Amino acid sequence: MVEPASTVGIPVNATPLLKDELDIVIPTIRNLDFLEMWRPFLQPYHLIIVQDGDPSKKIDVPEGFDYELYNRNDINRILGPKASCISFKDSACRCFGYMVSKKKYIFTIDDDCFVAKDPSGKAVNALEQHIKNLLCPSTPFFFNTLYDPYREGADFVRGYPFSLREGASTAVSHGLWLNIPDYDAPTQLVKPKERNTRYVDAVMTIPKGTLFPMCGMNLAFDRELIGPAMYFGLMGDGQPIGRYDDMWAGWCIKVICDHLGLGVKTGLPYIYHSKASNPFVNLKKEYKGIFWQEDIIPFFQNVKLSKEAVTVQQCYIELSKMVKEKLSAIDPYFDKLADAMVTWIEAWDELNPSTKA
């Protein structure tokens, strides 16, 4: 059985990477005791905690962490009418943290994610690996069969075009999970005891033109390169769908990264996902999405953004118009989602005027 790593006795890194350039965003409804395990790795960084659910509930944060905490009242106060684009009672509330951050990079993690162990038994510093992924180029235009050619002990294989070896800037680092896999409800129901014990020591670039199901529980990205597109949609309370928030963002960012020539990586780092959510509750949230995704994914596979769309915001507004035009026939919800995408960009630009299109 896979067990989380102990971090007792691990010293806090004296010179943490990107200490003043990275925020950690955590959505939560509970006390953040899980941070004690992460203290050696995360304590030097600034946390943005987005409290979901009842804003009157007090959230306790372990001593010694530098953080700001926002609840629904804060979101409504800061965004006013535009707060309608931030999901309620859904982990998609985390993207408010992306919006208010002023840092170049974001690492987001769920509060049921613990420190994993590598095959040697060593505690995995997930944030450090994400930073390495983001600071190293991607190879979206030509697949290298040794995966990451920039990694120590690897290189570009024979036949790899020299003109492409400089690579592309990495916008997103998508990490994985040991123990509880990130399954949909039907798979959870037929495999209730399945656990992921495979630690694959690899990072790869997802090729241009290929979509992927992004999981938001262990994710990092370059906020300056792709932040305005990292919108987790309109999900949760009052909406007909949930648990597709991170996947929606993943489909959006991938087509925009492909259009703008940016890279998306997946693989290391691993976290230890400690608890499985209720598959029956999940099925209620997911069941429309399970049907809708059979139309949504072909839509994203066929998206063509215009040459005039040269910023993330311009790409995202174009995408919102296509969502309204092509997906609203599936359900009126997509009209509402398309409008929320526009509201999100308007709110982003109000809080981040230097990044306006």
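Residues numbered from 1 in each chain as written. Predicted model: local features only at pLDDT ≥ 70, side-chain atom pairs only at ≥ 80, totals over all residues. Heavy atoms only, no water.

**Student:** So what's going on with the packing of aromatic side chains? Which residues, and what values?
**Tutor:** Overall, the coordinates contain 19 aromatic pairs when judged by the stated rule. Ring centres of Trp 248 and Phe 300 lie 5.2 Å apart, and the angle between their planes is 75°; on these two criteria the pair is classed as edge-to-face. Of this pair, Trp 248 sits in helix H7 (residues 245–260) while Phe 300 sits in helix H8 (residues 279–301); the two residues are 52 residues apart in sequence, bridging distant segments of the chain. Each member of the pair, Trp 248 as well as Phe 300, is classed as buried. With a centroid separation of 5.2 Å and an interplanar angle of 70°, the aromatic rings of Tyr 333 and Phe 334 are classed as edge-to-face. Here the two residues Tyr 333 and Phe 334 agree in accessibility, since each one is buried. Through successive ring pairs, a cluster of aromatic residues spans Tyr 244, Trp 248, Trp 251, Trp 292, Phe 299, Phe 300, Tyr 333 and Phe 334. In this structure, Arg 165 is placed above the aromatic ring of Phe 162, and the distance from its NZ or CZ to the ring centre is 3.8 Å. (Phe/Tyr/Trp six-rings, centres within 6.5 Å; stacked < 30°, edge-to-face > 60°. Helix = DSSP H or I, 4+ residues; strand = E, 2+ residues; numbered from the N terminus. Buried < 20%, exposed > 50% of the residue type's maximum accessible area, 1.4 Å probe, protein only. Lys NZ or Arg CZ within 6 Å of the ring centre and 35° of its normal.)

**Student:** Now, about a nonpolar patch on the surface: what can you tell me, with residues and values included?
**Tutor:** Residues Leu 189, Val 190 and Phe 280 make up a contiguous nonpolar surface patch of about 320 Å² in total accessible area. Mapped onto the elements of the fold, Phe 280 is located in helix H8. (Patch = residues over 30% accessible without salt bridge, like charges linked within 9 Å, V, L, I, M, F, W, Y side chains within 5 Å. Areas by Shrake-Rupley, 256 points an atom, 1.4 Å probe, with all protein chains shown as cover. Salt bridge = Lys/Arg side-chain N within 4 Å of Asp/Glu carboxyl O.)

**Student:** Quick rundown of the UniProt feature "glycosylation site" (unreviewed entry) in the protein? Include the residues and the values.
**Tutor:** Taking the UniProt record as the reference, the feature "glycosylation site" (unreviewed entry) is found at Arg 158. Its place among the elements puts Arg 158 in the loop between helix H4 (126–135) and strand S6 (170–179). (UniProt positions renumbered as here; feature names shortened; annotations may be inferred.)

**Student:** So what about the nonpolar core? Which residues, and what values?
**Tutor:** Counting 69 residues, the largest nonpolar core has Ile 226, Met 230, Trp 248, Phe 300, Tyr 316 and Trp 344 as its most contacted members. The element best represented in this core is helix H10 (residues 333–351), accounting for ten residues. Ignoring sequence-local partners within four residues, the contact set of Tyr 316 consists of Pro 228, Ala 229, Tyr 231, Trp 248, Cys 252, Ile 256, Met 341, Trp 344 and Ile 345. Core analysis: the next-biggest nonpolar cluster, separate from the first, contains 32 residues, Tyr 45, Phe 107, Ala 123 and Leu 127 among them. (Core = buried A, V, L, I, M, F, W, Y, C linked by side-chain atoms within 4.5 Å. Contact = heavy atoms within 4.5 Å.)

**Student:** So what's going on with the UniProt feature "site: Required for activity" (unreviewed entry) in the protein? Residues and values would help.
**Tutor:** If you check UniProt for "site: Required for activity" (unreviewed entry), the listed places come out as Arg 158 and Arg 165 in our numbering. Relative to the assigned elements, Arg 165 resides in the loop between H4 and S6. Ignoring anything within four residues of it in the chain, the contact list for Arg 165 reads Tyr 150, Phe 156, Val 157 and Tyr 160.

**Student:** So what's going on with the layout of surface pockets? Residues and values would help.
**Tutor:** The space that makes up the largest pocket amounts to roughly 1,300 Å³. Ser 91, Asp 110, Asp 182, Arg 243 and Ser 277 are, among the 47 residues lining the largest pocket, the residues nearest its centre. Of all the elements in the fold, those that place two or more residues in the lining of the largest pocket are strand S1 (22–28), S6, H7, strand S9 (263–273) and H8. It is H8 that provides the largest number of residues to the lining of the largest pocket, a total of six residues. Tallied by class, residues from the lining of the largest pocket come to 20 nonpolar, eleven polar and 16 charged. In this model, the second largest pocket occupies a volume close to 360 Å³. The wall of the second largest pocket is formed by 16 residues, among which Asp 118, Lys 122, Ala 123, Val 124 and Asn 125 lie closest to the centre. Counting only elements with at least two residues in the lining of the second largest pocket, the list comes to H4 and S9. Element by element, the count of residues in the lining of the second largest pocket is highest for H4, at three residues. The residue inventory of the lining of the second largest pocket, partitioned by class, reads eight nonpolar, three polar and five charged. (1 Å grid on protein atoms, 1.4 Å probe; cavity = no way out; pocket = protein on both sides within 12 Å on 5 of 7 lines; lining within 4 Å. Points joined across faces, edges and corners; volume = space filled by probe spheres on them. Nonpolar A, V, L, I, M, F, W, Y, C, P; charged D, E, K, R; others polar.)

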